[in-house]
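What follows is each chain in one-letter form.
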Amino acid sequence: MFAPLSVYFNWSNGIDLLVSFIIGIGFGFALEQGGFGNSRKLAMQFYFRDLTVLKVMFSAMVTAMTGIVFFTAFGWLDTNSMFIPQTFIWAQILGCAIMGVGFAIGGYCPGTSFVGLSTLKMDALFFIIGLFIGVFLFGEMFPILEELYHGKYSGNMGRITLYEFLGVRPGIIAAIILIMAIGAFWGSEKIEEKFGNQIIQ
Amino acid sequence: MKLENKQIAVYTAILLAIIMLFLPGPDPSKVNLDLQLMAQIIGNKEDHVTPGELSQWIIAGNNDYQLIDIRSKDEYDKGHIEGAINIPIENLLHKNVITDELNHDKKIVIYSNGSSHASQAWVVLKGLGLDCYILEGGYNGWNAAVLNPAVPSATTDDEILLYAKQKAVAEYFGGSNIQVQKPANNAAPVAPQKPQGVKKKKMQGC
Amino acid sequence: MEKKPYASPYIAGVGLGLVLLAAFFFTGHGLGASGAITRSIVAVEKVISQEHVDNNAYLAEYGGGDTNPLNNWLVFQLLGVIVGGMLSGIIAGRFRKEINHGPRITPKQRWLYAIIGGALFGFGAKFARGCTSGFILTGGAGLALGAWVGMMVMFAVAYITAYFVRKLWI
């Protein structure tokens, strides 16, 4: 087992920051190539005219997921040393619902808003201002929100994955998700056709 | 052309999915040593269970822990703590023992004669993600503290109460060297207190 | 320069997935964006009032005492995102000032809704411990339970909300 490299080769903080910067470049490049700098294109997901978001997100997710499953099976990657977000089920359901509203109204998510900003989309700038406001408000309101955030109403289930939750091997879940993704891609193409192929170029 | 590419991609994906169905998951016997966390636990002595605490658990009939005597079978047969099962240290670290005989949902308390073997085993079991504790002082410490409680030299009320409790516990376990002299203030033996679980430090998120 | 069409979403997606995989493989963590925002806010608050940061349990975790909130991979990764986006935009001829909005509203109205959307998103991202990149994408690839549940909730709510705000986009 030798990955994550930063753990097994004991990288210094500085190297981690540098590598993260480089990875960020790839991240931003891929997002912009897919057209995620354009808020109208992103918002069109929700009107079934342009399902790029679904295609990109699922392709990305299953690519990385497949890589992780294979690397783990080869004994190269140690998932215990990898970051997997902890599950706070109620807090996260609430958070994701609020984000859903914000996404539909604002047309961006934080990552894509910076991609938009980097290509001079001015509405991205205002979305980012909004982000700062929202985060600031959360910090100020924290004492009242604390129990819901990580206290007794948060639904803290610890660091748990779908396969641990269902008691199966990771490969089983990954295979099901991969097949579902293919189905979702096929479905997206059909839906876009039905709405007249108004994909934003 | 484009259609063919798509077909290749779909077939490759289906093939990968089928392979993944049969791939093994992460190896449960691979040890993950989070050194910083372990250092913190050791420094805060959260890796220990005292004989007093363990005796309370036994008396109260708790079943949320698994007590393991990691000495040799001979030593175990000569005398062991009530409720302990015997897994000599050289067997303890085998993959099938770890998966089959250790209860991953319960607290695991291990002890040897002193503390050194138990401490070594603790590092490994902790690295495997088990909720593991060392009995402070080991079997020797258990004998001294629980079976033969020392009569306090000073006679404050607290110490007398404590000694009385210890005597009651010792009698429960059939300790051999019970000092019969009564403490000066004639405090009657008090029933053991409700057992306190060992507190776990909350892990900081990222 | 003529604006080139966007890349195929599948290719962009696989590319993004490989970047994510590389992130896990090299650094042990995935991608993220909202965390950098939080840290920037805390950094500013530290300058204005260190005491305020220290007294708030949440802010103190990021910037209490001597802790530098900007000394974190999220901040550097986001800087990289800006560079990467710019590069891609320049190469593809999309590097130009624009305000994207639906045909039925004005640019100025778009700005207002962008701020509202951003504020909601930022607030929600704190509860979820991440945004679409940091929580859904990263957590989803790692098959985290909360990420998959959250993904379904987020998109369901977004689709429903979109119906009610369709004036903004179509």
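Residues numbered from 1 in each chain as written. Chains lettered and ligands numbered in written order. Predicted model: local features only at pLDDT ≥ 70, side-chain atom pairs only at ≥ 80, totals over all residues. Heavy atoms only, no water.

Student: Quick rundown of the confidence of the model for chain B? Include the residues and the values.
Tutor: All names here are of chain B. Mean pLDDT over chain B works out to 73, with 73% of the residues at or above the 70 mark. By mean pLDDT, helix α6 (residues 95–101) is the weakest element of chain B at 68, and helix α1 (residues 2–21) is the strongest at 88. Segment residues 178–206: pLDDT under 50, and 45 contacts once partners within four positions in sequence are set aside and those in other chains are kept. (pLDDT = per-residue confidence, 0-100. Helix = DSSP H or I, 4+ residues; strand = E, 2+ residues; numbered from the N terminus. Contact = heavy atoms within 4.5 Å.)

Student: I'd like a rundown of the layout of surface pockets, residues and numbers included.
Tutor: Residues and elements named next belong to chain B. Put simply, the second largest pocket is a space of about 1,200 Å³. Examining the composition of the lining of the second largest pocket, we find that eleven residues originate from one element, α1, more than from any other. Split by residue class, the lining of the second largest pocket holds 20 nonpolar, twelve polar and nine charged. (1 Å grid on protein atoms, 1.4 Å probe; cavity = no way out; pocket = protein on both sides within 12 Å on 5 of 7 lines; lining within 4 Å. Points joined across faces, edges and corners; volume = space filled by probe spheres on them. Nonpolar A, V, L, I, M, F, W, Y, C, P; charged D, E, K, R; others polar.)

Student: Can you explain the pairing of strand β4 (residues 107–111) of chain B? Please cite residues and give values.
Tutor: Residues and elements named next belong to chain B. Of all five residues in β4, five are buried; the element is thus mostly enclosed. Side-chain alternation along β4 places K107, V109 and Y111 on one buried face and I108 and I110 on a second face that is also buried. As paired elements, strand β2 (residues 65–69) and β4 share five bridges and run parallel to each other. Following the sheet pairing, L67 is matched in β4 by V109. For the crossover that starts at β4, traverses helix α7 (residues 116–127) and ends in the parallel strand β5 (residues 132–135), the hand is right-handed. (Buried < 20%, exposed > 50% of the residue type's maximum accessible area, 1.4 Å probe, protein only. Pairing = 2+ DSSP bridges. Right-handed = clockwise from strand over helix to strand, strands pointing away.)

Student: Describe in detail helix α7 (residues 132–141) of chain C, supporting the description with residues and values.
Tutor: Counted residue by residue, α7 of chain C has ten buried out of ten residues, so it is predominantly covered. At the exit of α7 of chain C stands L143 of chain C, carrying a positive phi of roughly 65°.

Student: An account of the nonpolar core is needed here, citing residue identities and associated values.
Tutor: If you look at the biggest cluster of nonpolar residues, it comprises 104 residues, and the most contacted ones within it are L16 and L31 of chain C. Ranked by residues supplied to this core, first place goes to helix α4 (residues 52–74) of chain A with 13 residues. Of all hydrophobic cores here, the second largest spans 20 residues; its members include L92, V97, I98 and L128 of chain B. (Core = buried A, V, L, I, M, F, W, Y, C linked by side-chain atoms within 4.5 Å.)

Student: Talk me through the pattern of salt bridges; I want residue IDs and the actual numbers.
Tutor: Residues and elements named next belong to chain A. The final tally for this structure, using the stated rule, is nine salt bridges over all chains. The partner of K55 in a salt bridge is E189, and the shortest N-O contact between them spans 3.3 Å. A residue pair is termed long-range when its members are at least 10 positions apart, and K55 in helix α4 and E189 in helix α9 (residues 170–194) qualify at 134 residues. Accessibility expressed as a relative area gives 4% for K55, which makes it buried. For E189, a relative accessible area of 26% translates into the label partly exposed. (Salt bridge = Lys/Arg side-chain N within 4 Å of Asp/Glu carboxyl O.)

Student: Before we move on, could you go through the packing of aromatic side chains and cite the residues and values that matter?
Tutor: For the coordinates displayed, the defined rule picks out 31 aromatic pairs over all chains. Ring centres of F46 of chain A and F103 of chain A lie 5.4 Å apart, and the angle between their planes is 80°; on these two criteria the pair is classed as edge-to-face. Remark: F103 of chain A occurs in helix α5 (residues 89–106) and F46 of chain A occurs in the loop between α3 (39–43) and α4; sequence separation between them is 57 residues. Judged by its relative accessible area of 4%, F46 of chain A is buried. An aromatic cluster is built from F46, F48, F103, Y108, F127 and F195 of chain A together with F121, F155 and Y159 of chain C, whose rings are joined through pairwise contacts. One cation-aromatic arrangement involves R129 of chain C over F88 of chain A; the distance from NZ or CZ to the ring centre is 3.6 Å. Over the face of the ring belonging to Y163 of chain C we find R166 of chain C, whose NZ or CZ atom lies 4.3 Å from the ring centre. (Phe/Tyr/Trp six-rings, centres within 6.5 Å; stacked < 30°, edge-to-face > 60°. Lys NZ or Arg CZ within 6 Å of the ring centre and 35° of its normal.)

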